[in-house]
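One letter stands for each residue in the lines below.
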Amino acid sequence: MWLHRLRVVSDSLRRSTTRSAATSLRQGASELHNARMFDWNDLKYFLAVARHGSTIAVGKALRISQSTVQRRLVELEKKIKRKLVSRTAAGYRLTDFGQELLPYAERIEAMVGDFERHVSDMGRDRSGVIRVTCPEPIVQRMTPLIDRFHTRHPNLRVEFVMSDRYLDLSKGDADVAFRSGDTDDELIGRKIADSVWAVYASQDYIARHGKPAHVEDLSQHQLVCLDETMSGHRVAKWLKEVAPNAKVTARNNSVLGMMYAVKSGVGIGPLPTAIADGESGLVRVLGPIPELARSWRLLTHPDLRRTPRIATFFDFVVEERDALKSILTG
């Protein structure tokens, strides 16, 4: 009997000890889990402060109050129990730990962007919309080609996002880009045509001022240029290099705007041959200009390339490459 009672007591003690250990383990795991948990959205404010260096600037950029930015930063620091930023007379700067954490936060931001893009793309696949960004001048010339695409694929619809600036495909500003010149290494695609540029003048301008015989003569003429928002464009860089002291009579933020300015007779300027050669009232006075020649490419983000709607559009463009050459090269 006493042996039986000893076994009962022993089993009871063992079960009690096991339950206690399990409880302690669960509590420890819970505490560790809670210690590591924080609001992922707070990383957005950390990244913004790292980039702007000021909570006021971040508030304006994110359209929230400065106090909200400060509060979310404090919450993040409390959760990870380390200082990420320090305040200076000039604003905020990252601590050593903040600098160490920055690339990891940027990777999280990129992964969230990938996730959102996938979700958004799945929705657009169901709606059959392909958002194509390209310079405004080629949209009208491309209309017959897009009509053929719609006839061949009635469940898909092309929606143009017109801009001479490079839209960010990685952020979902568009799905596909017809683009010439320098491109983002992250994008993939293929060459479809050549981008050729020459210098043009109106007949009226030539009658009043003559025309340049050489590129070096551009400094003696009135020029039409791109404005400061397009200062990175190869045309703006080339004009600044070959005619730094020329008189600029008109600036515009688009190639189409430049063409209308040249047609008006206020000055001469470089234009794509594809649109300018066929424009009545314009005369090619120099070129083609080798320094301005680039390749036209059809580009998209790698995550989108194999989606059905994008793959269908790419296949169509490859089939219609000859037609595109006349549109994009002239």
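Data block above holds the structure.
Conventions and cut-offs
- Residues numbered from 1 in each chain as written.
- Predicted model: local features only at pLDDT ≥ 70, side-chain atom pairs only at ≥ 80, totals over all residues.
- Heavy atoms only, no water.
- Salt bridge = Lys/Arg side-chain N within 4 Å of Asp/Glu carboxyl O.
- Buried < 20%, exposed > 50% of the residue type's maximum accessible area, 1.4 Å probe, protein only.
- 1 Å grid on protein atoms, 1.4 Å probe; cavity = no way out; pocket = protein on both sides within 12 Å on 5 of 7 lines; lining within 4 Å.
- Points joined across faces, edges and corners; volume = space filled by probe spheres on them.
- Helix = DSSP H or I, 4+ residues; strand = E, 2+ residues; numbered from the N terminus.
- Nonpolar A, V, L, I, M, F, W, Y, C, P; charged D, E, K, R; others polar.
- Pairing = 2+ DSSP bridges.
- Axes fitted to C-alpha atoms, helices over the stretch in contact; angles between N-to-C directions.
- Parallel < 35°, antiparallel > 145°, perpendicular 65-115°, else oblique.
- Left-handed = near helix turned anticlockwise from the far one by under 90°.
- Contact = heavy atoms within 4.5 Å.
- Polar contact = N/O pair within 3.5 Å; in protein donor to acceptor, adjacent residues only side chain to side chain.
- Core = buried A, V, L, I, M, F, W, Y, C linked by side-chain atoms within 4.5 Å.
- Right-handed = clockwise from strand over helix to strand, strands pointing away.

**Some points on the pattern of salt bridges**
Pairs can form between side chains of opposite charge once their charged atoms are near each other. According to the stated counting rule, one finds 12 salt bridges in the structure shown. The shortest N-O distance in the salt bridge between Arg-284 and Asp-277 comes to 2.5 Å. On the basis of relative accessible area, Arg-284 is assigned to the partly exposed category, the value being 34%. It is possible to trace a salt-bridge network through shared partners that takes in Arg-148, Arg-152, Glu-319 and Glu-320.

**Quick notes on the layout of surface pockets**
Its boundaries defined by the atoms lining it, the second largest pocket holds a volume of some 560 Å³. Sorting the residues of the lining of the second largest pocket by element identifies β3 (129-134), α6 (136-152), β5 (176-180), α8 (234-242), α10 (273-276) and β12 (294-300) as the ones contributing at least two each. Ranked by residues supplied to the lining of the second largest pocket, first place goes to β5 with 3 residues. Within the lining of the second largest pocket, the residues separate by chemical class into 15 nonpolar, 8 polar and 7 charged.

**Section: the sheet that holds β5**
Sheet strands line up and pair through hydrogen bonds in the backbone, either parallel or antiparallel. Strands sit in the order β4-β3-β5-β12-β6 across an open sheet of 5 strands; the sheet is mixed. Because the sheet does not close on itself, it has two edges, and the strands there are β4 (157-162) and β6 (188-195). Along the sheet, successive strands turn relative to each other by an average axial angle of 20°, direction set aside. In this structure, β6 lies alongside β12, joined through 7 bridges in antiparallel fashion.

**Description of the packing of α6 against helix α12 (residues 321-328)**
Close contact between α6 and α12 brings their axes to 9 Å; oriented N to C, the two are set at 165°. The orientation of α6 with respect to α12, classified from their angle, is roughly antiparallel. The crossing of α6 and α12 is right-handed. Residues Ile-138, Arg-141, Met-142, Leu-145 and Arg-148 of α6 touch α12, and the partners they reach there are Ala-323, Leu-324, Ser-326, Ile-327 and Leu-328. Split into classes, the residues belonging to the contact of α6 with α12 amount to 7 nonpolar, 1 polar and 2 charged.

**Quick notes on the sheet that holds strand β11 (residues 282-286)**
Taken in spatial order, the 3 strands make up an open sheet running β10-β7-β11, and their pairing is antiparallel. This sheet does not close on itself; its edge strands, each paired only once, are β10 (269-272) and β11. Ignoring which end each strand starts from, the neighbouring axes of this sheet average 55° apart. Pairing between strand β7 (residues 197-202) and β11: 4 bridges, direction antiparallel. Note that in β11 the partner of Ser-202 across the bridge is Leu-282. Set on the sheet, helix α9 (residues 255-264) makes contact with β7, β10 and β11; between it and β10 the angle comes to about 125°.

**Thoughts on the side chain of Ser-195**
Relative to the assigned elements, Ser-195 resides in strand β6. At a separation of 3.2 Å, a polar atom in the side chain of Ser-195 contacts the side chain of Arg-234. Filtering out sequence-adjacent residues up to four positions away, Ser-195 remains in contact with Ser-180, Arg-234, Leu-292, Ala-293, Arg-294, Ser-295 and Trp-296.

**A look at the nonpolar core**
By size, the foremost hydrophobic cluster in this structure holds 33 residues, and its most contacted members are Val-199, Leu-218, Leu-223 and Leu-271. At the level of secondary structure, the elements contributing two or more residues to this core comprise β7, β8 (222-226), α8, α9, α10 and β11. If you tally residues by element for this core, the top one is α9, at 6 residues. Listed in part, the 26 residues of the second largest apolar core include Cys-134, Trp-296, Phe-314 and Ile-327.

**Concerning the pairing of β4**
The sheet contact formed by β3 and β4 spans 6 bridges and is parallel. Paired with Thr-133 across the strands is Val-161, a residue of β4. Taken together, β3, α6 and β4 form a β-α-β motif whose crossover is right-handed.

**Focus: unusual backbone geometry**
Note the cis peptide between Gly-287 and Pro-288, where omega equals 10°. Along the chain, Pro-288 falls in the loop between β11 and β12. Positioned with a positive phi, Lys-81 is a non-glycine residue whose angle comes to about 60°. With respect to the secondary-structure elements, Lys-81 resides in the loop between α4 (66-80) and β1 (85-88).

**Remarks on the pairing of β5**
Along any regular strand, the residues point their side chains to alternate faces of the sheet. For β5, a buried count of 5 out of 5 residues is recorded, marking the element as mostly surrounded by other parts of the structure. The alternating pattern of β5 places Val-176, Phe-178 and Ser-180 on one face and Ala-177 and Arg-179 on the opposite face, and all of these are buried. Strand direction decides the pairing type here: β3 and β5, joined by 2 bridges, are parallel. Opposite Val-132, over in β5, you have Val-176 as the bridge partner. Two elements, β5 and β12, share 5 bridges in a ladder whose sense is antiparallel. Within β12, the residue paired with Arg-179 across the bridge is Arg-297.

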